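# A structural walkthrough
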Amino acid sequence: MRIVLDTDPGIDDALAIFYLAAHRDVAELVAVGSVHGNVPSPTAAANALRLLDRVGWTEVPVAVGAHQPLAQELSTGEVVHGGDGLAGVAGPPSSRAPVSVSAAEQLVGLARAHPGELTVIALGPLTNIALAALIEPELPELLRSVTVMGGAIGTTGNITPHAEANIWHDPEAAALVLGKGFDLTLVGLEVTATAQVDAAWVEDLTGSGGPNAGFAADLLRHYLGVYSRLLGQDTCYLHDPLAVAVTLDPGLAATRDLVVDVELRDPDTRGKTTASESAGRPAVKTLDQFDVTTCLNRLAAALRR
Ligand SMILES: [Ca+2]
């Protein structure tokens, strides 16, 4: 599987990159695009480079993506991910720089050069994918598939009571991408919220861990602290690595084809995702069941490498 990753690192984005790197026998990372979301887009690109350095993916190009959403002001999530997006524990910057094209241009160029081959995994707001689809209307046919971490179907949101953060950060982009006809799997809070880890799970990582296990544990300790402080709970969610896991092994979940709409007009529910069986409009694959235990075991194994 040849992957283009669109990401806003971001603590769970970092875990997702480690998951991907631990499965390079089945996944080749072709390129990375950064996007605003957890942090501003240039910071996300710098963090992606630092994370790729850690896993030895030093040849993978990183392009800076959209600096702001299509139709609203920029809003970022340092309150959750730390001032630098990686809990202040990621070490010095990479010696590499981002490539000169934007993430949307990079994606269009790669898709045209490798029609039908590439899988996009989008772990942040969908601004870059929307821009790429506006530049290249054939993008849904040129890509093999797309996985999106986003949405909260039939469950509460995590940034407002109604909206999941990646969708809320750019609802117009999400509406465009989810309705565009991609072969798209949507991994939303309705499944990712079932995969929570606690301090004991995190401390287990460091026992027999490789070079990045301690770093992953540091990130997760920060995450646990935030969840405790903001939500009063002693577990944290691991959204992004789950989207990578189900992309690499679709057998981890059962899917259902549904049309997913994004609320754009009502300020109270803006970014809310609603699924229906509406005929005649492009559907996406939503997850019905998810093998949380296998997924978390594979993540722990990946982080210990
Ligand atoms: Ca993310």
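Scroll up to find the structure this text is about.
This write-up is about the structure you can find in this document. (Residues numbered from 1 in each chain as written. Predicted model: local features only at pLDDT ≥ 70, side-chain atom pairs only at ≥ 80, totals over all residues. Heavy atoms only, no water.)

## A short note on the nonpolar core
In a soluble, globular protein the nonpolar side chains are often hidden away together inside. Within the largest apolar cluster, 68 residues are counted, with the highest numbers of intra-cluster contacts made by Leu20, Leu29, Trp201, Leu220, Leu238, Phe290 and Leu303. With 9 residues, the single largest contributor to this core is helix α1 (residues 11-21). Every residue in contact with Leu20, bar those within four places of it in the chain, is listed here: Ile3, Leu5, Ala27, Leu29, Trp57, Val244 and Leu248. Counting residues in each nonpolar core, the second largest holds 33 residues, with Val120, Val146, Ala174 and Leu186 among its members. (Core = buried A, V, L, I, M, F, W, Y, C linked by side-chain atoms within 4.5 Å. Buried < 20%, exposed > 50% of the residue type's maximum accessible area, 1.4 Å probe, protein only. Helix = DSSP H or I, 4+ residues; strand = E, 2+ residues; numbered from the N terminus. Contact = heavy atoms within 4.5 Å.)

## Topic: the packing of aromatic side chains
Enumeration over the complete set of coordinates arrives at 3 aromatic pairs. Relative to Tyr227, the ring of Tyr223 has its centre 5.2 Å away and its plane inclined at 90 degrees; by these criteria the two rings are edge-to-face. Of this pair, Tyr223 and Tyr227 both sit in helix α11 (residues 213-231), separated by 4 residues, roughly a single helical turn. Here Tyr223 and Tyr227 have matching classes, each one buried. For the pair Tyr227 and Tyr237, a centre-to-centre distance of 5.4 Å together with 85 degrees between the ring planes defines the contact as edge-to-face. (Phe/Tyr/Trp six-rings, centres within 6.5 Å; stacked < 30°, edge-to-face > 60°.)

## Comments concerning the coordination of the calcium ion
For the calcium ion, the full set of protein donor atoms is Asp8 (OD), Asp13 (OD), Asp13 (OD), Leu123 (O) and Asp240 (OD), at a range of 2.2 to 2.5 Å. Mapped onto the sequence, the residues coordinating the calcium ion show the spacing D-x4-D-x109-L-x116-D. Taken as a pair, Asp8 in the loop between β1 (2-7) and α1 and Asp240 in helix α12 (residues 239-248) lie far apart in primary sequence, 232 residues in all. Residue Asp8 is classed as buried on the basis of its relative accessible area, which comes to 0%. A relative accessible area of 2% means that Asp240 is categorised as buried. (Donors = N, O, S within 2.8 Å, 3.2 Å for Na, K, Ca; no water.)

## Section: helix α10 (residues 199-207)
Buried within α10 we find Trp201, Val202 and Leu205. Projection of α10 onto a plane perpendicular to its axis shows the buried side chains occupying an angular sector of 100 degrees, all on one side. Those residues of α10 that are exposed and aimed more than 90 degrees away from the buried face are Ala200, Asp204 and Gly207. Its buried side turned inward, α10 meets β7 (196-198), α11 and α13 (292-304). (Arc of directions from axis to C-beta.)

## Considering helix α8 (residues 171-178)
Burial in α8 covers these residues: Pro171, Ala173, Ala174, Val177 and Leu178. One face of α8 carries all of its buried residues, which in axial projection span an arc of 160 degrees. The secondary structure elements touched by the buried residues of α8 are α5 (127-135), α7 (165-168), β6 (184-187), β9 (253-262) and β11 (284-290).

## Digging into the pattern of salt bridges
Under the criterion given, the structure shown has 11 salt bridges. In this structure, Arg298 engages Asp249 in a salt bridge whose closest nitrogen and oxygen atoms are separated by 2.7 Å. Taken together, the residues span a long stretch of sequence, with Arg298 in helix α13 and Asp249 in the loop between α12 and β9 at a distance of 49 residues. Using a relative accessible area of 31% as the deciding quantity, one classes Arg298 as partly exposed. Exposure remark for Asp249: the relative accessible area of 25% places this residue in the partly exposed category. (Salt bridge = Lys/Arg side-chain N within 4 Å of Asp/Glu carboxyl O.)

## Concerning the pairing of β6
Covered by surrounding structure in β6 are Leu184 and Leu186 together with Thr185 and Val187, the residues of both alternating faces. Across 2 bridges, the pairing between β6 and β11 is parallel. Opposite Leu186, over in β11, you have Thr286 as the bridge partner. (Pairing = 2+ DSSP bridges.)

## Some thoughts on the environment of Ala253
Position of Ala253 relative to the elements: it lies in strand β9. Judged by relative accessible area, Ala253 falls into the buried class, the value being 14%.

## Brief notes about the state of the cysteines
Counting across every chain of the model gives 0 disulfides. Cys295 provides the cysteine sulfur closest to Cys236, a residue in no disulfide bond, and the two sulfurs are 14 Å apart. (Disulfide = S-S within 2.5 Å.)

Read these as geometric descriptors, not functional statements.
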